[in-house]
Amino acid sequence: MSTRADYLAPTMILGVHGVLDLEPWIRRAHDDDSLEEDMYSLVVKRTVAYGLSSFHAGGPEGERWGHNDAGGDWTQDGEIRQLAWLQVAVSEELPGQRLPVQPAATVLRDVLTRLGRFRLTGLHTLAPLHLAPDGRADLADAAAWFALTDPALDPGAAVDLTVSVWAAETANLLARAADLLTAARQRTYDAMTIRPAPAATATTTAQEGLALPLAGEVQTEGMRPGPAFRCRVRAWSLDVAAWTTEIFVDALRSTGTTAPALITVSARERTQQEEPTQPAMR
């Protein structure tokens, strides 16, 4: 059962989902257990490289997070897997800093592209909303960045995403669905369209683009599904998934949610005929 202390925990978890094709030499070393690196060690190396956290005495001040854990499924079977995830403790000593969703996604992307080539299908984030400041000004800049797209781009190339939000029952997300939709739309600055998802989708986070169980089983225990949304974007990438997540982080914050929230972004949708399933967390 969640407690008030759980609500105040600075824990943030990101998980990247998709299909990974390891470089041939890495795959051989992985298959014969001679690879000296794993997801944890590689995430640490990139975290240090960006100065986001330190793992030795006398490290830099102003760290964005304390590193807790990391992992990933590199199974080479062409199936959607939870390729990379990390768990961090967001710094509580940097007032005004947004939750480091984009930096964490960048670390995971760097690791995956070092290992080989990956096709992204989804992202899930456990966000400690009580640490999220007002991010509207920064999101205006983000929207301008993602709007910088070739105006001749085929409109048919646009990508439809499914976003779902989960939180403790006391957050009463379903009752706030209309306000959350309005707030999220305002934060796109016309660089993304958002509409409510069908009711069948709103009851589940188990879209085809996510590999269950999701990292974060302990932290998400007792969470209940809130509304789900369809978002249309001009292109699909991990940066876009992180931006979409940040839009909903700030929308949740602005509508009064302070409890931790699970936000999923998936580029592959279930059909409305498929039966919804209760999500399993890792």
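Draft legend 1. Geometry of the environment of D134. Tracing the sequence through the fold places D134 in the loop between β4 (116–127) and α5 (136–147). Of the residues examined, D134 reaches a relative accessible area of 41% and is grouped as partly exposed. Put simply, D134 and A251 are 117 residues apart on the chain and 9.4 Å apart in space, counted from C-alpha to C-alpha. There is a polar contact of 2.6 Å between the side chain of D134 and the side chain of R136.

Draft legend 2. Structural view of the pairing of strand β1 (residues 11–22). Of all the 12 residues making up β1, 11 are buried; the element is thus mostly covered by neighbouring parts of the structure. As judged from the eight bridges shared by β1 and strand β3 (residues 81–90), these two strands associate in the antiparallel manner. Paired with L14 across the strands is L86, a residue of β3. Of the pairings in the sheet, the one linking β1 to β4 comprises 10 bridges and is antiparallel in character. The partner of V16 across the bridge, within β4, is L123.

Draft legend 3. Seen up close, the sheet that holds strand β7 (residues 223–233). The strand order across the open sheet built from eight strands is β2-β3-β1-β4-β8-β5-β7-β6, with neighbouring strands paired in antiparallel fashion. Each having just a single partner strand, β2 (65–71) and β6 (193–196) make up the two edges of the open sheet. Strand-to-strand twist of the sheet, defined as the mean angle between neighbouring strand axes without regard to direction, takes the value 25 degrees. Strand direction decides the pairing type here: β6 and β7, joined by four bridges, are antiparallel. Bridged to P196 within β7 is F229. Sheet strands touched by helix α3 (residues 39–49): β2 and β3. Its angle to β2, the strand with the most contacts, is close to 150 degrees. Each of β5 (159–168), β6 and β7 touches helix α6 (residues 177–186); the most contacted strand, β6, lies at about 170 degrees to it.

Draft legend 4. Molecular detail of the nonpolar core. Counting residues in hydrophobic clusters, the biggest one holds 66 residues, and the most contacted among them are M39, L115, W243 and F248. Every residue in contact with L115, bar those within four places of it in the chain, is listed here: L20, D21, L22, E23, I26, M39, L42 and W74. In terms of nonpolar packing, the next biggest core, distinct from the first, is built from nine residues, I13, L126, A215 and M223 among them.

Draft legend 5. Fine view of the pattern of salt bridges. Within this structure, the stated rule accounts for 14 salt bridges. E37 is the salt-bridge partner of K45, the closest N and O atoms lying 3.3 Å from each other. Overlapping salt bridges bring together D134, R136, R187, D250 and R253 as one network.

Draft legend 6. View of the side chain of T245. If you trace the backbone, T245 turns up in helix α8 (residues 238–254). Residue classification places T245 among the buried residues on the basis of a relative accessible area of 0%. Sequence-distant contacts of T245, that is, excluding residues within four places in its chain, are made with V101, L123, T125, I263 and V265.

Draft legend 7. Examining the packing of aromatic side chains more closely. By the definition in use, this model includes two aromatic pairs. Measuring from centroid to centroid gives 4.5 Å for F146 and W243, while their planes differ by 15 degrees, and the two rings are stacked. Pair noted here: F146 is in helix α5 and W243 is in helix α8, with a separation of 97 residues, a long-range link. This pair shows no difference in class: F146 is buried, exactly as W243 is. Here F229 and F248 contribute two aromatic rings whose centre-to-centre distance is 5.2 Å and whose plane-to-plane angle is 35 degrees, an arrangement assigned as tilted. One end of the pair, F229, is in strand β7; the other, F248, is in helix α8, and 19 residues separate them in sequence. Residue F229 is classed as buried on the basis of its relative accessible area, which comes to 2%. Its relative accessible area of 0% is what places F248 among the buried residues.

Draft legend 8. Structural view of α5. With 12 residues, α5 should reach 16 Å at 1.5 Å per residue; the first-to-last C-alpha distance of 16 Å fits that figure. Buried residues along α5 sit in contact with α8.

The rules behind the values
Residues numbered from 1 in each chain as written. Predicted model: local features only at pLDDT ≥ 70, side-chain atom pairs only at ≥ 80, totals over all residues. Heavy atoms only, no water. Helix = DSSP H or I, 4+ residues; strand = E, 2+ residues; numbered from the N terminus. Buried < 20%, exposed > 50% of the residue type's maximum accessible area, 1.4 Å probe, protein only. Polar contact = N/O pair within 3.5 Å; in protein donor to acceptor, adjacent residues only side chain to side chain. Pairing = 2+ DSSP bridges. Axes fitted to C-alpha atoms, helices over the stretch in contact; angles between N-to-C directions. Contact = heavy atoms within 4.5 Å. Core = buried A, V, L, I, M, F, W, Y, C linked by side-chain atoms within 4.5 Å. Salt bridge = Lys/Arg side-chain N within 4 Å of Asp/Glu carboxyl O. Phe/Tyr/Trp six-rings, centres within 6.5 Å; stacked < 30°, edge-to-face > 60°. Expected span 1.5 Å × (residues − 1).

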